[in-house]
Amino acid sequence: MTTLAIDGGEPTRRATWPAWPPPASEAQRKLLAEVVDSGHWGATSGPLCERLATEFAHRHGAKHGIVLTNGTLALFIALRAAGVRPGDEVVVPAYTFVACATAVLLLGAVPVVADVDPVHLHLTADTVRPALSPRTRAVMPVHLAGSPAPLDELLALAAEHGLAVVEDSAQAHGASYRGRPVGAHGTAGTFSFQSSKAMTAGEGGLIVTDDDDLAARAWSACNVGRVRDGAWYHHAEVGWNLRMTELQAALLLPWLDRLDDEVGARDAFARRVTDGLAAADGPVEVVPQPPGTTVDSRHLLMLRAAPGVDRAWVSRALAAEGVPVDDGYPPLAALPALQGQARALPAPGTEAAAATVFWLRQPMLMAGPDGADDVVTAVGRVFGDGRAFPRR
């Protein structure tokens, strides 16, 4: 048997993985220089933020786009513009980032943490239905890892109960569901441009919607309560300065031209790993996409091991092989920050995922076929060792 790297053997991979973000393109450098030289660095004096909002919205099949400071506040503003108020409840998935809940708390509303499907790890109508109450005002499906949530059933359930649907698309730039980009299937959708995301300016966020009135309310909330084309010191509503800068927009606009190519490269990597693990017929599989996925933007590749896996040992062993993995999210309701502030339902699907799912981060998915083959080889070596499942 081959000696594992954790035991002193030769690692599967010595090559470095791609960095993220990638080096700035010539188009990004040119546009940044133009902004710097113009002196119009803020959204109130330059044209690029509005151009980004329009072009990104159109790229994602929406009428309106509103740019702002980050993805968390994009969720907050989208929910607020959709009518969520203090004391209301918003259903969020148990397997997600904490910002889904804290954005709800910013409104003075209550996050209701519902379980996810045990197979594809997204909210479904069956997991959301038990979470509903007379106080429920909205549902927040998360397009986890770039895979679109099963929106048809969620939208039908929301329509039945008169609920807003705010799509958290922070990990799903360029993804589509049943042939239509994610974001504007529901009431509104939000995106993040934080450093790890498929498009990044270090930070930043964006809201898309087809609702004219919601777009106007969201824009006003991000622009200290002003209305478009109104007087500078006329503040019609309560709002804040949540504006993106022209420098961020300059980094993001050229990215739209290469987004599809990058999504395609990650998808090819993911499919090669999926096929390789399936051919090996071992105890590890790729978490499947929900039904209706047309394009998966592949922000992460989630690997699921069989029950009983020793997560800590496997993580160390794979890292030694040159294939680092992330343990992923803990159950949302278990986080200390949310104790006493959220209403949580039983979440066996999420608990199983937290015990058995490993992530490959987005930069690794840009490594091409050789990188995918290294993942399959390293997983085969590590999980072929009896220490991966000590309880068996």
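Residue numbers restart at each chain and count upward from 1, following the sequence in its written direction. Given that this is a predicted model, residues contribute local features only at a pLDDT of at least 70 and side-chain atom pairs are listed and counted only at 80 or more, while totals for whole chains, interfaces and linings are drawn from all residues. Only hydrogens and water are removed before side-chain values are computed, so all heavy atoms of the structure are retained for them.

In the annotation of an unreviewed UniProt entry, the entry for the chain reads DegT/DnrJ/EryC1/StrS family aminotransferase, and the organism field reads Jiangella aurantiaca. UniProt positions are given in the numbering used here, feature names are shortened, and annotations may be inferred rather than shown by experiment. If you open the UniProt record of the chain and go to Sequence similarities (unreviewed entry), you find "Belongs to the DegT/DnrJ/EryC1 family."

Attention shifts here to the side chain of Arg 381. Counting from the N terminus, the helices are the DSSP runs of H or I reaching at least four residues and the strands are the DSSP runs of E reaching at least two. Position of Arg 381 relative to the elements: it lies in helix H12 (residues 368-383). We call two residues contacting when some pair of their heavy atoms lies within 4.5 Å. When sequence neighbours within four positions are dropped, the list of residues in contact with Arg 381 reads Thr 2, Thr 3, Leu 4, Ala 5, Glu 10, Pro 11, Thr 12 and Glu 321.

With that settled, consider the domain arrangement of the chain. Here the bounds of each domain stem from an automatic or database domain assignment. With domains assigned, the chain is organised as domain 1 (5-19 + 259-388) and domain 2 (26-254). Relative placement of domain 1 and domain 2: their C-alpha centres are 27 Å apart. Accessible area, probed at 1.4 Å, shrinks when two parts are joined; the buried area is that loss added up over both. Counting each side, the surface lost to burial between domain 1 and domain 2 is near 3,500 Å², with a carbon and sulfur contribution of 59%. When the buried surface of domain 1 facing domain 2 is broken down by residue, Tyr 329, Leu 332 and Arg 343 rank first, second and third, together holding 21% of it. Here a salt bridge means any side-chain nitrogen of Lys or Arg lying within 4 Å of a carboxyl oxygen belonging to Asp or Glu. On the surface where domain 1 and domain 2 come into contact, there are two salt bridges. In this structure, the salt-bridge partner of Glu 89 is Arg 343, at a minimum N-O distance of 2.9 Å. Here a polar contact is recorded for every N or O atom pair within 3.5 Å, except that within protein the pair must consist of a potential hydrogen donor and a potential acceptor, and residues adjacent in sequence are included only if both atoms are side-chain atoms. At the boundary of domain 1 with domain 2, the tally comes to 25 residue pairs in polar contact (both at pLDDT 80 or more).

With that settled, consider the environment of Gly 202. Relative to the helices and strands, Gly 202 is located in the loop between strand S8 (188-192) and strand S9 (205-209). The partly exposed category is assigned to Gly 202, whose relative accessible area is 27%. Distance from Gly 202 to Pro 21, taken between C-alpha atoms, is 8.9 Å for residues 181 residues apart in sequence. With residues near it in sequence (within four places) discarded, Gly 202 still touches Phe 193, Gln 194 and Ser 195. Whether a residue is buried, partly exposed or exposed follows from its accessible area with a 1.4 Å probe, protein chains only, as a fraction of its type maximum: under 20%, in between, or over 50%, in that order.

What follows is about the side chain of Thr 124. Its place among the elements puts Thr 124 in the loop between strand S3 (110-114) and helix H5 (125-128). When its relative accessible area of 7% is taken as the criterion, Thr 124 is described as buried. Apart from the residues within four sequence positions on either side, Thr 124 is in contact with Asp 117, Pro 150, Glu 153 and Leu 154.

What follows is about the pairing of S8. Most of S8 is tucked away: five of the five residues are buried. The side-chain alternation of S8 yields two buried faces, one formed by Ala 188, Thr 190 and Ser 192 and the other by Gly 189 and Phe 191. In this sheet, S8 lies alongside strand S5 (residues 164-168) in parallel orientation, the contact comprising three bridges. Note on S8: the bridge partner recorded for Asp 168 is Thr 190. Sheet topology note: the S8/S9 ladder contains four bridges and is antiparallel. Strand pairing follows a simple DSSP-based rule, namely that at least 2 bridges must link the two strands.

Let us look at unusual backbone geometry. A cis amide bond links Trp 20 with the next residue in sequence, Pro 21, at an omega value of 0°. Considering the arrangement of structural elements, one finds Pro 21 in the segment before helix H1 (26-38). Phi is positive for Val 224, close to 45°, though the residue is something other than glycine. Structurally, Val 224 is set in the loop between helix H7 (212-222) and helix H8 (246-252).

Here we take up the packing of aromatic side chains. The geometry of two aromatic rings is summed up by the distance between their centres and the angle between their planes. Side-chain rings of Phe, Tyr and Trp, where Trp is taken by its six-membered ring, are said to pair if the distance between their centres is within 6.5 Å; with planes under 30 degrees apart they count as stacked, over 60 as edge-to-face, and otherwise as tilted. Under the definition given, this model contains seven aromatic pairs. Through a chain of ring-to-ring contacts, the aromatic side chains of Phe 56, Phe 191 and Phe 193 assemble into a single cluster. The residue whose ring lies beneath Arg 258 is Trp 255, and the NZ or CZ to ring-centre distance is 4.1 Å. By the criterion adopted, a ring carries a charge over it if an Arg CZ or a Lys NZ lies within 6 Å of its centre and within 35 degrees of its normal.

Given a rise of 1.5 Å per residue, 22 residues ought to cover 32 Å, and the 32 Å separating the end C-alpha atoms of helix H9 (residues 259-280) matches this to within 8%. Contacts from the buried residues of H9 go to helix H2 (48-59), strand S10 (284-286), strand S11 (293-295), strand S12 (301-305), strand S14 (357-360) and H12. The first or second residue beyond H9 is Asp 281, which carries a positive phi of 55°. By definition here, a helix of n residues has an expected span of 1.5 Å times n minus one.

Let's shift gears to the packing of helix H3 (residues 71-81) against H7. Interaxial distance between H3 and H7 falls to 9 Å at its minimum, and their mutual angle equals 130°. Looking at the two axes, H3 sits oblique to H7. As H3 packs across H7, the resulting crossing turns out to be right-handed. Contacts from Ile 77, Arg 80 and Ala 81 in H3 reach Leu 214, Arg 217, Ala 218, Ala 221 and Cys 222 in H7. Only the contacting stretch of a helix is used when fitting its axis, a line to C-alpha atoms as for every element, and angles between N-to-C directions run 0 to 180 degrees. By the definition adopted for this analysis, an angle is roughly parallel if under 35 degrees, roughly antiparallel if over 145, roughly perpendicular if from 65 to 115, and oblique otherwise. Take the far helix as the reference: if the near one is turned anticlockwise from it by less than a right angle, the crossing is left-handed, and if turned clockwise, right-handed.

Packing of H3 against helix H4 (residues 99-106) leaves a shortest axis separation of 8 Å and a crossing angle of 45°. Taken together, the axis directions place H3 and H4 in an arrangement best described as oblique. Viewed along their axes, H3 and H4 form a crossing whose handedness is right-handed. Facing Thr 72, Leu 73, Leu 75, Phe 76 and Leu 79 of H3, the residues of H4 in contact are Ala 99, Cys 100, Thr 102, Ala 103, Val 104 and Leu 106.

Another aspect to go through is the UniProt feature "modified residue: N6-(pyridoxal phosphate)lysine" (unreviewed entry) in the chain. Look at the UniProt record and you will see "modified residue: N6-(pyridoxal phosphate)lysine" (unreviewed entry) annotated at Lys 197. Along the chain, Lys 197 turns up in the loop between S8 and S9. Setting aside its immediate chain neighbours within four residues, Lys 197 contacts Trp 20, Ala 170, Gln 171, His 173, Ser 192, His 299 and Gln 362.

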